[in-house]
Amino acid sequence: MSTIAHAHPNIALIKYWGKESIERNIPSSPSISLTINKLTTRTSVRPINDGDRFLFGNEQVEDEKITRFLEFLRHTYAIPPIEILTENNFPTGAGLASSASGFAALVTALNEEFKLGLAQSEQSVLARMGSGSAARSIFGGIVSLEGPTWAAQVLLKQNDWPLDIVVAITDDNIKDVSSSVGMTMSKESSPYYDDWVKSSETDFKNARKYILQRNFDRLIEVAESNCLKMHAVMLSTLPSLFYWNPATVACIKQIRDLREQGIPVFFTIDAGAQVKAVCLPGTGENVAHILSQVPGVLRTISATVGEDAWIET
Ligand code: 2P0
């Protein structure tokens, strides 16, 4: 017998890049994301007699982040040795927030299997200890993550503003530098890091206001600017964190051209080469068609805003 949970990754509109505390995994700045349907992590958990075992797909793996996370949980909860079996229906470790959906699904499954009785906000706090962005994937809709609690909160529910999302996949490979390592490098070496943290606070407040107003035009400005500022910090890190490829740049240009033509769409890019186009409801199909023809785009995924993490019944 096992418990199975599902969770969607999320794409950040206002980004988290840098930690105030590594030990407690507290971000340096608040963030906002869209939970994205279509992309899903499915995780099953069951107690076993010998030591913990992690399987990714059908392959047994060592995962230091999961090992550390379980060690942390066992300070508080009586969790026996377990087998965790996890699979993603999308590329892993390629800037599509697989650690967000991964830890959200794991916490959701553990809460159910071991009757931990945790409210969603408590699950969010726990998921954050596994991966900062995972705090946001406990919830569907448009979600914020800010102090002092650093539990994610829902700004708009899944159907309140059903934006279309098109993911242009330009590279299926695992990124060279993980987000956790990259963030530490940026904090230590980017001359722009302090300004990034400061300006993120303002971007967060503005974006939250525009989202609650459903003001897409103003959201475009703040989301694209925040994304490019994060990549400026990445680029100015020593050694430089350069996640883009020529197709990433071509997609940015195409999305800006589409906007000039009156199509309501903006881009955002996380720690990887994929480009996410966020569009007003009803425009995603057209945007997907055009982005799929950009040289270097391997394929597109069309999605919309997703739901809370859930238990498979
Ligand atoms: C975000 N990213 O806000 C930003 C944008 C990547 C770029 O959160 O160290 O995997 O596990 O807390 O959550 C990726 O960082 O990092 C991330 P950890 P995580 O979505």
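A quick note: this is a predicted structure, and the numbers were derived from the prediction, not measured.

> Would you explain the packing of aromatic side chains in this entry?
Within the structure shown, the criterion is met by four aromatic pairs. Ring centres 5.2 Å apart and planes at 80° place the aromatic pair Phe69 and Phe103 in the edge-to-face group. Taken as a pair, Phe69 in helix H1 (residues 64-74) and Phe103 in helix H2 (residues 98-113) lie far apart in primary sequence, 34 residues in all. An identical accessibility class is assigned to Phe69 and Phe103; each is buried. Among the aromatic side chains, those forming a connected cluster through ring pairs are Trp161, Phe216 and Phe266.

> Looking at this structure, how should I read the pairing of strand E13 (residues 265-268)?
Looking along a regular strand, one sees side chains alternate from face to face of the sheet. Residues Val265 and Phe267 of E13 are buried on one face, and the alternating residues Phe266 and Thr268, pointing to the opposite face, are buried as well. Bridge analysis of E13 against strand E14 (residues 275-279) gives four bridges, and the strand direction is antiparallel. Residue pairing for E14: Phe266 is matched across the bridge by Val278. Hairpin connection from E13 to E14: six residues lie between these consecutive antiparallel strands.

> What should I look at first to understand the packing of H2 against helix H3 (residues 120-130) in this one?
As a packed pair, H2 and H3 sit with axes 9 Å apart at the nearest point and diverge in direction by 130°. Classified by the angle their axes make, H2 and H3 are oblique. For the element pair H2 and H3, the recorded crossing hand is right-handed. Judged by residue contacts, Phe103, Ala104, Val107, Thr108 and Asn111 of H2 engage Gln123, Leu126, Ala127 and Gly130 from H3. Grouping the amino acids of the contact of H2 with H3 by side-chain chemistry returns five nonpolar, four polar and no charged.

> Got a minute to help me understand the packing of helix H6 (residues 193-213) against helix H7 (residues 216-235) in this structure?
Any two packed helices are characterised by the angle at which their axes cross and by the distance between the axes. Where H6 contacts H7, the two axes come as close as 10 Å, and the packing angle between them is 160°. With respect to H7, the axis of H6 lies roughly antiparallel. Crossing handedness for the pair H6 and H7: left-handed. In contact with Tyr193, Trp196, Ser199, Ser200, Asp203, Asn206, Ala207, Tyr210 and Ile211 of H6, H7 contributes Arg218, Leu219, Val222, Asn226, Lys229, Met230 and Val233.

The rules we used
Residues numbered from 1 in each chain as written. Predicted model: local features only at pLDDT ≥ 70, side-chain atom pairs only at ≥ 80, totals over all residues. Heavy atoms only, no water. Phe/Tyr/Trp six-rings, centres within 6.5 Å; stacked < 30°, edge-to-face > 60°. Helix = DSSP H or I, 4+ residues; strand = E, 2+ residues; numbered from the N terminus. Buried < 20%, exposed > 50% of the residue type's maximum accessible area, 1.4 Å probe, protein only. Pairing = 2+ DSSP bridges. Axes fitted to C-alpha atoms, helices over the stretch in contact; angles between N-to-C directions. Parallel < 35°, antiparallel > 145°, perpendicular 65-115°, else oblique. Left-handed = near helix turned anticlockwise from the far one by under 90°. Contact = heavy atoms within 4.5 Å. Nonpolar A, V, L, I, M, F, W, Y, C, P; charged D, E, K, R; others polar.

What is shown is where atoms sit, not what they do.
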